[in-house]
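# Remarks on the overall topology
Chain by chain, the residues:
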Amino acid sequence: MRSQDLRQAFIDFFVSKGHKHLPSASLIPDAMSTTLFTIAGMEQFVPVFLGDEPAPAPRAVTVQRCLRVAGAKSDIENVGRTGRHGTFLEMLGNFSFGDYYKREAIAYAWEFVTGVLKLDRNRLYVTVHTGDDEAETIWINDIGLEKTRISRFDEDNFWTMGPTGPCGPCSEIFYDTGVENALGPDDDGPNKGNRFVEIWNVVFQQYNRTSEGHLTELPRKAIDTGAGMERMLAVANGKVSMYETDLFTDLIAAQPPVGQTSLNPKEQLERRNIIADHARAVTFLINDGVFPSNTDRGYVLRFLIRRAVRNGKLLGYPGGFLTHLVPAVVASLESEYPELRANASRIAQAVAQEEQTFNRTLERGMAMLERLIEQADEDGTRRLSGGDVFMLHDTYGFPVELTREIASERGIAVDTAAFEEEMNAQRDRARKDAASKRSVVALAELPAIKSIFTGYEGLQTDGEVVALLKDEQSVAALHEGERGAIVLDRTSFYAERGGQIGDRGTITADGFLFEVDDTQYMGEAIVHHGVVKAGAVRASDRATTAVFDWWRREIRRHHTSAHLLQRALRDVLGDDVAQAGSWVGVDRMRFDFRWAAGALSPEQKRAVAHRVNDMIRDDAPLVTRELPLDEAKTTGAIWMFGEKYGERVRVVQAGPSVEFCGGTHAHSTGELGMFVILNESSIGSGIRRIESSVSRAAEDFVQKQQELVAGIASSLATSPDEVTDRIDKLQRELRDLQTAVGQLKARLAAADADAYLARAERHGERTFVGAVVHEANAEALRHLTIAIRNRLPSGVIAFAGIDNGTVSLLVSASDDHVKSGVHAGNLVKLAAPLVDGKGGGAPTQAQGGGKNAGGADAAVRAIRDAVLA
């Protein structure tokens with residue numbers, strides 16, 4: 001049985017039992033999730049289990065992509081080395097939301113594994129929770145399973161997603177792979193070793209665990225099945241290892257032949273398994289909108305890519321091998337995930353760029369790590385310090401997990417606790433540098449509020465005050481002069497989202513005036529931050545919200561320019577351009593995009609700006625439609641990878657630009673007036689940023705630039721059109737003058753050389769020429785030294801030049817003096833502290849400097865004494 005057949009068989013079986021087939025959610029869970037990645041099929045249904053959202057259907061079936069690389073569910077250490085662990089996995093799941101419960105769930109599980117997969121029932125064993133007599137009774141009486149084939153466990157049979165959230169007892173089905181796979185005589189049942197493989201887990205979702213650890217009953221009992229497809233596929237094919245199924249054998253076969261390596265055959269296979277697993281994880285992470293970075297999900301992706309690349313190097317693979325595996329992953333999984341094919345080019349480009357980045361740093365980083373490992377071995381500590389591990393992470397981009405793995409292979413430990421202290425200190429510095437403007441009040445501390453946004457229709461609306469905050473606490477009233485926040489049931493204020501900053505304006509009623517200076521989301525509530533200018537505002541007051549007209553007008557124009565810019569970038573650079581973020585303000589807009597080719601050329605920037613202004617001049621009306629998500633995707637609209645979208649989305653068309661967007665926009669493209677690029681720069685590996693302005697801000701920028709050019713032209717006594725030619729001429733004249741000055745200095749130095757040579761000191765076979773030279777910088781010392789060296793082939797020359805209170809040191813040693821033990825770099829190091837400075841260099845020539853001119857004489861004497869001693 002191939003993987004495609006198993007997926008379809010599972011879906012078809014449960015559809016025949018009245019289940020609705022729902023698509024897989026992204027690997028990026030909902031913002032309210034407690035996990036970094038989606039780790040279970042039930043995760044997208046957490047709000048349904050908790051009663052916060054209606055069920056999509058009474059019964060559902062899914063094939064959910066999951067990633068387990070951190071936390072309690074992490075399998076990273078065993079990946080590739082056992083036959084049942086991986087980072088990326090597909091979870092087959094059937095769900096009941098208050099419909100059927102234990103009896104039907106157990107019956108369906110048994111019917112599928114014995115009826116559809118036709119597994120030998122004599123090799124199937126079951127576990128239940130220690131307190132679940134009901135489940136055991138169903139297995140014995142309804143299914144006919146012998147009691148001797150049922151085991152009871154406590155924690156192993158109580159499933160939790162994390163520290164909080166839905167949970168409950170569970171019942172698992174295990175498959176006996178045979179005594180030949182046992183770890184020993186005690187490996188004779190589930191949860192005792194490797195012999196018995198879990199292939200099905202029926203969770204009886206019954207409780208919600210709070211942050212205090214208390215269990216409360218869910219609004220309704222539910223069923224959540226998790227069946228790991230990789231393990232089930234192996235069992236269905238009579239294989240012990242999932243790496244022997246087509247999910248992995250195709251990817252292992254697509255890898256290059258093993259090159260020069262010191263690994264034995266077993267280790268080679270393990271490394272190839274790891275690469276196959278990581279290639280799957282990497283492909284899906286990028287598909288779902290994650291890109292390599294040094295934080296959060298991007299850090300995990302970077303770690304997986306670099307771990308795969310490092311394993312490839314151990315196998316002797318050529319550079320770029322991981323990028324070439326992306327098409328094989330796509331071919332393996334596109335039947336269930338057709339979006340992989342559409343995104344294949346973007347995925348491969350991101351992997352290639354990270355491979356290249358890591359290859360550039362790997363050699364230096366590995367050399368440093370090797371030295372640290374050798375040092376730890378030689379000094380007997382056999383331990384890498386937290387500071388060294390942090391340096392490898394911060395300077396060379398080595399994830400701590402990769403450092404730990406490489407060190408472990410050499411028998412060297414890592415001081416992880418000290419590393420975490422360094423990381424926490426860095427995070428603390430970052431937090432202090434970036435003041436947060438969002439309220440930290442948990443939504444649970446307020447009523448369950450969902451504010452209705454009316455701002456698409458106009459700038460004003462009426463609403464009721466439903467909550468007030470002051471100093472991050474709920475209050476009954478806010479009085480004149482007090483700063484706080486207001487939540488209403490309806491508002492015309494746009495809360496910051498999707499890169500567009502929150503609205504400003506006023507909230508008024510007969511009894512108060514509240515000026516809003518920021519608007520943010522807190523859950524689904526829209527929170528208006530500001531100051532009470534007059535009167536007092538109380539809960540239940542009726543009020544009118546009014547956004548400042550100029551504020552909204554300029555923001556919607558700049559937001560619309562982001563759409564036009566993305567269209568222009570794709571038209572000029574190609575469809576590989578992918579938005580990586582944006583920020584929209586009243587006087588400028590920032591647009592971040594992924595582009596591996598580096599900085600835009602002047603010609604490309606001109607072409608992009610010209611294309612945007614063409615679309616502005618076309619004065620196309622903006623058309624907004626709200627469509628079901630599936631229908632919206634057929635419009636050809638651009639959307640942000642990894643972004644969360646509801647069942648219905650707003651599709652905004654501005655001429656040739658079509659995007660998913662919930663922001664506010666101009667009425668027509670012509671309203672933007674003009675578009676100018678203020679700056680284009682790099683903000684990370686493969687990420688470019690364009691800052692731009694439209695409307696009045698663009699007009700002001702152009703006006704200032706014109707005034708600046710006119711002022712420069714006036715200073716140069718030329719016209720604005722001839723400024724460039726005039727500056728070029730001045731630069732040529734300056735270079736000519738610099739050449740003439742250099743020649744004059746050389747002649748003056750030659751003239752001075754004889755005077756210094758006349759004061760040369762000799763002791764044995766050593767000769768020393770040195771002095772403090774006033775009003776001489778490093779360049780002047782260089783000319784003087786060259787002039788003396790032309791007359792003195794053997795000897796040491798040392799000068800301390802004083803220029804505007806600073807000291808320049810220069811030492812030159814002839815080859816024969818170097819052979820006798822003189823080292824110019826060491827002489828500078830000896831003298832530099834005497835002028836409160838530092839320096840160094842090669843044996844024949846070195847330089848340095850300092851700020852203490854009073855120590856110049858002592859510095860020269862120290863060099864003299866060292867040379868003639």
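Residues numbered from 1 in each chain as written. Predicted model: local features only at pLDDT ≥ 70, side-chain atom pairs only at ≥ 80, totals over all residues. Heavy atoms only, no water.

Moving on, we get to helix α12 (residues 400–409). Note on helix geometry: an α-helix contains 3.6 residues per turn, so any two residues three or four positions apart are oriented the same way. Those residues of α12 that fall on the buried side of the exposure criterion are Val400, Leu402, Thr403, Glu405, Ile406 and Ala407. Immediately downstream of α12, the backbone of Gly411 shows phi near 75 degrees, a positive value. (Buried < 20%, exposed > 50% of the residue type's maximum accessible area, 1.4 Å probe, protein only. Helix = DSSP H or I, 4+ residues; strand = E, 2+ residues; numbered from the N terminus.)

Attention shifts here to the pairing of strand β18 (residues 505–509). In terms of strand pairing, β18 meets strand β21 (residues 542–547) through 4 bridges, oriented antiparallel. If you follow Thr508 over to β21, its bridge partner there is Thr544. When β18 meets strand β19 (residues 512–522), the two strands line up antiparallel, connected through 5 bridges. Considered in β19, the bridge of Thr506 is made with Glu515. Linkage of β18 to β19, two consecutive antiparallel strands, is achieved through a turn of 2 residues. (Pairing = 2+ DSSP bridges.)

Let us now look at the pattern of salt bridges. On inspection of all chains with the given rule, the structure shows 47 salt bridges. A salt bridge links Asp133 to Arg152; its shortest N-O distance comes to 2.7 Å. Of the two residues, Asp133 sits in helix α4 (residues 133–143) while Arg152 sits in strand β5 (residues 150–153), which places them 19 residues apart along the sequence. Here the salt bridges share partners, and the residues they tie into one network are Asp549, Arg553, Glu554, Arg556, Arg557 and Glu671. (Salt bridge = Lys/Arg side-chain N within 4 Å of Asp/Glu carboxyl O.)

This next bit is on the sheet that holds strand β34 (residues 845–850). Two pairing modes exist for strands in a sheet, parallel and antiparallel, and in both the strands are linked by backbone hydrogen bonds. The 6 strands are arranged β29-β30-β31-β32-β34-β33 in an open sheet whose pairing can be described as mixed. Either end of the sheet is taken by a strand with one partner, and the two such strands are β29 (761–763) and β33 (837–841). Ignoring strand direction, the axes of neighbouring strands in this sheet form an average angle of 15 degrees. Inspection of the sheet shows strand β30 (residues 766–774) paired to strand β31 (residues 796–803) by 7 bridges, in the parallel sense. In the sheet register, Val769 faces β31, and the bridge partner there is Ile797. Against the sheet, helix α19 (residues 778–791) makes contact with β30, β31 and β32 (806–813), and its axis sits at roughly 155 degrees relative to β31, the strand it touches most. Most of the contacts of helix α22 (residues 856–868) go to β30, to which it runs at about 175 degrees, and overall it touches β29, β30, β31 and β32. (Axes fitted to C-alpha atoms, helices over the stretch in contact; angles between N-to-C directions. Contact = heavy atoms within 4.5 Å.)

Another aspect to go through is a nonpolar patch on the surface. On the surface, Leu708, Ile712 and Ile727 cluster together into a nonpolar patch covering about 230 Å² of accessible area. Here Leu708 shows up in helix α17 (residues 695–715). (Patch = residues over 30% accessible without salt bridge, like charges linked within 9 Å, V, L, I, M, F, W, Y side chains within 5 Å. Areas by Shrake-Rupley, 256 points an atom, 1.4 Å probe, with all protein chains shown as cover.)

Moving on, we get to the side chain of Arg271. Structurally, Arg271 can be placed in helix α7 (residues 265–287). Once you skip the residues sitting within four places of it in the chain, Arg271 turns out to touch Arg81, Leu263, Arg310, Asn311, Leu314, Leu315, Glu405 and Glu409.

This paragraph deals with the sheet that holds strand β22 (residues 578–584). Strand order in the open sheet formed by 4 strands is β22-β23-β28-β27, with antiparallel pairing between adjacent strands. Two strands close off the open sheet at either side, each with one partner strand: β22 and β27 (675–684). The mean angle between the axes of side-by-side strands here comes to 20 degrees, regardless of whether they run parallel or antiparallel. As paired elements, β27 and strand β28 (residues 687–694) share 8 bridges and run antiparallel to each other. Its bridge partner being in β28, Phe675 is matched across the sheet by Val694. Relative to the sheet, helix α14 (residues 549–573) contacts β22, β23 (589–594), β27 and β28, its axis offset from that of β23 by approximately 30 degrees. Seen against the sheet, α17 touches β27 and β28 and runs at an angle of roughly 90 degrees to β28.

Of the residues in the protein, 95% have a pLDDT of 70 or more, and the chain-wide mean is 90. In this model residues 433–447 is a low-confidence stretch, pLDDT under 50, and it forms 23 contacts with partners more than four residues away in sequence or in other chains. (pLDDT = per-residue confidence, 0-100.)

Here helix α10 (residues 339–378) crosses α12 at 50 degrees, and the two axes come no closer than 12 Å. By the angle between their directions, the pair α10 and α12 is classed as oblique. Note that α10 runs across α12; the crossing there is right-handed. For the pair α10 and α12, contact is made by Phe358, Met366, Leu369 and Ile373 and by Leu402, Thr403, Ile406 and Ala407, respectively. (Parallel < 35°, antiparallel > 145°, perpendicular 65-115°, else oblique. Left-handed = near helix turned anticlockwise from the far one by under 90°.)

This part takes up the nonpolar core. Judged by nonpolar contacts, the single largest core of 112 residues is most densely connected at Phe112, Trp139, Ile199, Trp200, Leu304, Leu322 and Leu384. The dominant element in this core, judged by the number of residues it contributes, is α10, at 13 residues. Apart from the residues within four sequence positions on either side, Leu304 is in contact with Val69, Ile76, Thr87, His278, Ala281, Val282 and Leu285. Of all hydrophobic cores here, the second largest spans 31 residues; its members include Phe593, Ala654, Leu672 and Val694. (Core = buried A, V, L, I, M, F, W, Y, C linked by side-chain atoms within 4.5 Å.)

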